[in-house]
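Fold and contact review
What follows is each chain in one-letter form.
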Amino acid sequence: MSCDFLEIATDGVRGLRPYQPGKPIEELQRELRLTEVIKLASNENPLGAGPRARAAIEASITEISRYPDGNGFALKRALAAELDVPPAALTLGNGSNDVLELIVRAFVTVQHEVIFSQHAFAVYALATQAVGAKAVVTPACQWGHDLDAMTAAVNERTRVMFVANPNNPTGTWSRASELERLAEATPDYVLLVVDEAYYDYVGEADYPSCVDWVARFPNLIVTRTFSKVHGLAGLRVGFAVSDPAVAEILNRVRQPFNVNGVAMAAATAALDDRGHVARSVAHNRAELTCLKAGFDRLGLDYIPSVGNFVCVDVGPRAAEIYSILLKQGIIVRPVEAYGMPTHLRVTAGLEAENSRFLDELGRAIGG
């Protein structure tokens, strides 16, 4: 007698749909028998990992038969020095996604509510639904977060508020004065989580480093990742900075050895490779400018972005244009699931990749 396992799953899990990542290069090569594929779908660093991280990876291979340091001592010490925070304020994760999910698991139940914005990162909704909590989605304002609306949505059942700064997939961002006002208005029983995955790419003068505010706001949690500017997406390393009392609770639900030894060695070395970070930021700025200029030439609207990607409005044929690009070996990201059915999200790749994408996009639009 067979069992309907969906029926015995928890209420929150029954309604979930798995997160859909960008299509892998290998899958497209296999499907369409292509040899050359350009992937501009997943906001990865096109320059890859830096030389210091690569050297650390090679050196750490000899120890892969051993369990990693479950407390991440070396990486926490390096992060603490870099960010000027105590090691006890840090929680390591298997990517920052892991930390976001830990926050919800530790503090949210079916009796609670979680606030996030329309068009925000999909993982906020997935983590909320998985525990059976109520998602409160506030309307976006010009594709970005309406922080006043988020403040107004708080009630006694609210436990977590997610703010992505800058936001994925829109690339929009909140200014220091706006976020500080939100932090001041957030009750102490609500955890304000500021997701700064794309922090390193932002050059605007009034963009805040919310890590600097953690000592002022004990209910503030800031998450960051090594997947973007450091080029370590395949190794999955992220972290949270919070009040040590919050970090202690997160570490109660964190899985032992959730970050592998090779990843921690690479991340520790990457922190010290300022040259690679500077090259990556400069490259991204130049290539984002080229992409936007290309969209202007094609007469396409796009959302101003301070990340390493940009969302371009290609009109009602977005799904068709995405498919046309795939057949030419170019992977971008459709964002219909984010309530943006006419947009495609494009990562700033290498110069030649972006040039080819713009050429093929022009042909697809004209066709």
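Further up the page is the structure itself.
Heads up: these notes are all about the structure in this document. The model shown is predicted, which means the values in this text are computed figures rather than measured ones. (Residues numbered from 1 in each chain as written. Predicted model: local features only at pLDDT ≥ 70, side-chain atom pairs only at ≥ 80, totals over all residues. Heavy atoms only, no water.)

1. A short note on the packing of helix α4 (residues 51–60) against helix α11 (residues 261–271)
Where α4 meets α11, the axes come as close as 8 Å, and the angle between the chain directions of the two elements is 150°. When the interaxial angle is binned, α4 and α11 end up roughly antiparallel. With respect to the hand of their crossing, α4 and α11 are arranged in right-handed fashion. Counting all contacts with α4, which are made through Arg52, Ala53, Ala56, Ile57 and Ser60, the residues of α11 involved are Val262, Ala265, Ala266, Ala269 and Ala270. (Axes fitted to C-alpha atoms, helices over the stretch in contact; angles between N-to-C directions. Helix = DSSP H or I, 4+ residues; strand = E, 2+ residues; numbered from the N terminus. Parallel < 35°, antiparallel > 145°, perpendicular 65-115°, else oblique. Left-handed = near helix turned anticlockwise from the far one by under 90°. Contact = heavy atoms within 4.5 Å.)

2. Remarks on the sheet that holds strand β9 (residues 301–303)
As summarised here, the arrangement of the 4 strands in space is β9-β10-β13-β12, forming an open sheet in which the pairing is antiparallel. The open sheet is flanked by β9 and β12 (333–334), the only strands paired with a single partner. Looking at chain direction, β12 and strand β13 (residues 343–347) are connected through 2 bridges and run antiparallel. Each bridged residue has a counterpart across the sheet, and for Arg333 the counterpart in β13 is Arg345. Set on the sheet, helix α12 (residues 274–297) makes contact with β9, β10 (309–313) and β13; between it and β10 the angle comes to about 5°. (Pairing = 2+ DSSP bridges.)

3. So, the state of the cysteines
Two cysteines form a disulfide when their sulfur atoms are joined by a covalent bond. According to the stated counting rule, one finds 0 disulfides in the structure shown. Free cysteine: Cys141, not disulfide-bonded; nearest cysteine sulfur from Cys311 at 17 Å. (Disulfide = S-S within 2.5 Å.)

4. Here we look at α4
Every buried residue of α4 is accounted for by Ala53, Ala56 and Ser60. When α4 is viewed along its axis, its buried side chains cluster within an angular range of 60° and face the same direction. Residues of α4 that are exposed and angled more than 90 degrees away from the buried face: Pro51, Glu58 and Ala59. Residues of α4 that are buried make contact with α11. (Buried < 20%, exposed > 50% of the residue type's maximum accessible area, 1.4 Å probe, protein only. Arc of directions from axis to C-beta.)

5. Things to note about the pattern of salt bridges
According to the stated counting rule, one finds 17 salt bridges in the structure shown. The shortest N-O distance in the salt bridge between Glu36 and Arg356 comes to 3.8 Å. Of this pair, Glu36 sits in the loop between α3 (25–32) and β1 (38–39) while Arg356 sits in helix α14 (residues 351–366), and the two are 320 residues apart along the sequence. Judged by its relative accessible area of 23%, Arg356 is partly exposed. (Salt bridge = Lys/Arg side-chain N within 4 Å of Asp/Glu carboxyl O.)

6. A short note on the nonpolar core
In this structure, Leu75, Leu79, Met161, Leu220, Phe226 and Val241 are the most contacted members of the largest nonpolar core, which totals 43 residues. With 6 residues, the single largest contributor to this core is α11. Discounting chain neighbours no more than four positions away, the residues touching Leu220 are Leu192, Val194, Cys210, Trp213, Val214, Val241, Ser242 and Asp243. Membership of the second largest hydrophobic core comes to 28 residues, among which are Leu102, Ala120, Val193 and Ile303. (Core = buried A, V, L, I, M, F, W, Y, C linked by side-chain atoms within 4.5 Å.)

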